[in-house]
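Now for the letters of each chain:
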Amino acid sequence: MAKKVRMAVFASGSGSNFAALEAACRAGDLSAEIALLVTDQPDAYVTERAQQAGIPVAAFRPREFDTKSAYEQAVLKALQEAQVEWLLLAGYMRLIGPDLLQAYPEKIINIHPSLLPSFPGKDAIGQAVAAGVKVTGVTVHLVDEGMDTGPILAQQAVDVIDGDVEKTATAIHEVEHGLYVRTLQDVLKK
Ligand code: GAR
């Protein structure tokens, strides 16, 4: 059997994408394993999900570090100890800095709830609804030094439902879970 790729998921919130990735690994839909959850929000629900799934958690409070570089070096140490090869951002609400980018060139992937380059940054679904667009969507892309920039790997459109953020978010999350897994499987096959 082929060796499984060791991935770390980075998340700051509820972790529904983490759960989808974890389930896909367990089911064998992804030839990879989640070696580590990295979170900058130790009290976020994603931490509980990881513990329940038996996945090691590296939880950090970035404010306790003097610099962003010191924070990322601590994260890097945890990644290296866990022999992680790919970083998957899944609702990680922090810009990746030079320390992690240099350690994982072209090996960091992000999912974002809009059709980038439209609506980058926070509250992308709220931004789309406020702009009055009828169609928004999901983007999976390689991470560079920018905010939700970097080469696009896959996109899927999602209709804005009744101009309603919550209804649209539910539809977007459903699409995210499938698109992230399919895109990663394509990337790992190459
Ligand atoms: C997801 O919609 C993800 O695309 C978004 O955060 C949400 C996390 O949900 N990420 C960004 O906005 C990144 N700029 P989850 O915690 O349930 O996976």
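Everything below is about the structure shown above.
Rules used in this analysis
- Residues numbered from 1 in each chain as written.
- Predicted model: local features only at pLDDT ≥ 70, side-chain atom pairs only at ≥ 80, totals over all residues.
- Heavy atoms only, no water.
- Axes fitted to C-alpha atoms, helices over the stretch in contact; angles between N-to-C directions.
- Helix = DSSP H or I, 4+ residues; strand = E, 2+ residues; numbered from the N terminus.
- Parallel < 35°, antiparallel > 145°, perpendicular 65-115°, else oblique.
- Left-handed = near helix turned anticlockwise from the far one by under 90°.
- Contact = heavy atoms within 4.5 Å.
- Core = buried A, V, L, I, M, F, W, Y, C linked by side-chain atoms within 4.5 Å.
- Buried < 20%, exposed > 50% of the residue type's maximum accessible area, 1.4 Å probe, protein only.
- 1 Å grid on protein atoms, 1.4 Å probe; cavity = no way out; pocket = protein on both sides within 12 Å on 5 of 7 lines; lining within 4 Å.
- Points joined across faces, edges and corners; volume = space filled by probe spheres on them.
- Nonpolar A, V, L, I, M, F, W, Y, C, P; charged D, E, K, R; others polar.
- Near = heavy atom within 4 Å.
- Polar contact = N/O pair within 3.5 Å; in protein donor to acceptor, adjacent residues only side chain to side chain.
- Areas by Shrake-Rupley, 256 points an atom, 1.4 Å probe, with all protein chains shown as cover.
- Sits in = over half its atoms within 2 Å of the grid points.
- Phe/Tyr/Trp six-rings, centres within 6.5 Å; stacked < 30°, edge-to-face > 60°.

## Focus: the packing of helix α1 (residues 16-27) against helix α2 (residues 45-53)
Working step 1: Two elements in contact, α1 and α2, have axes whose closest approach is 9 Å; the angle formed by their N-to-C orientations is 20°. Classified by the angle between their axes, α1 and α2 sit roughly parallel to one another. Crossing geometry of α1 relative to α2 is assigned as right-handed. Across the interface between the two elements, Ser16, Phe18, Ala19 and Glu22 of α1 pack against Val46, Arg49, Ala50 and Ala53 of α2.

## A few points about the nonpolar core
Working step 1: The biggest cluster of nonpolar side chains holds 36 residues, and the ones touching the most others in it are Met7, Leu21, Leu30, Ile109 and Tyr180.
Working step 2: In terms of residue count, the dominant contributor to this core is helix α6 (residues 165-189) (9 residues).
Working step 3: With residues near it in sequence (within four places) discarded, Tyr180 still touches Asn17, Leu21, Leu88, Leu89, Ala90, Ile109, Asn110, Ile111 and Val140.
Working step 4: Counting 23 residues, the second largest nonpolar core, distinct from the first, contains Ala8, Val75, Leu79 and Val84.

## A word on the layout of surface pockets
Working step 1: There is about 730 Å³ of room inside the largest pocket.
Working step 2: If you trace the largest pocket, you find 32 residues lining it, with Gly91, Tyr92, Met93, Ile111 and Pro113 closest to the centre.
Working step 3: Elements with a minimum of two residues in the lining of the largest pocket: α1, β5 (108-112), α5 (124-131) and α6.
Working step 4: The dominant element in the lining of the largest pocket, judged by the number of residues it contributes, is β5, at 3 residues.
Working step 5: Its residues placed into classes, the lining of the largest pocket shows 12 nonpolar, 14 polar and 6 charged.

## Digging into unusual backbone geometry
Working step 1: Omega for the peptide link from Leu116 to Pro117 comes to 10°, which places this bond in the cis form.
Working step 2: Along the chain, Pro117 turns up in the loop between β5 and α5.
Working step 3: Notably, Glu106 is not glycine yet its phi reads approximately 55°, a positive angle.
Working step 4: Relative accessible area serves as the criterion here: at 61%, Glu106 is assigned to the exposed category.
Working step 5: At Asp162, a position not held by glycine, the phi torsion is positive, near 50°.
Working step 6: Along the chain, Asp162 falls in the loop between β7 (152-159) and α6.

## Brief notes about the site of the ligand
Working step 1: Lining the immediate environment of the ligand, one finds 13 residues, of which Gly15, Ser16, Asn17, His112 and Glu176 sit closest.
Working step 2: Here Gly15 contributes a backbone N or O atom positioned 2.7 Å from an oxygen atom of the ligand.
Working step 3: A distance of 2.6 Å is found between an oxygen atom of the ligand and a side-chain nitrogen or oxygen belonging to Ser16.
Working step 4: Burial of the ligand by the protein chains amounts to 88% of its free accessible area of 450 Å².
Working step 5: Put simply, the ligand lies in the largest pocket.
Working step 6: Sorting the residues of the shell around the ligand by element identifies α1, β5 and α6 as the ones contributing at least two each.

## Topic: the packing of aromatic side chains
Working step 1: For the structure on display, the rule yields 4 aromatic pairs.
Working step 2: Each ring, one from Phe10 and one from Tyr92, has its centre 5.1 Å from the other, and the planes form 90°; the classification is edge-to-face. Pair noted here: Phe10 is in strand β1 (residues 5-11) and Tyr92 is in the loop between β4 (86-89) and α4 (98-103), with a separation of 82 residues, a long-range link. This pair shows no difference in class: Phe10 is buried, exactly as Tyr92 is.
Working step 3: Residues Phe60 and Phe65 carry aromatic rings whose centres are separated by 6.4 Å and whose planes lie at 50° to one another, so their mutual orientation is tilted.

By themselves, these are just geometric observations and shouldn't be taken as functional.
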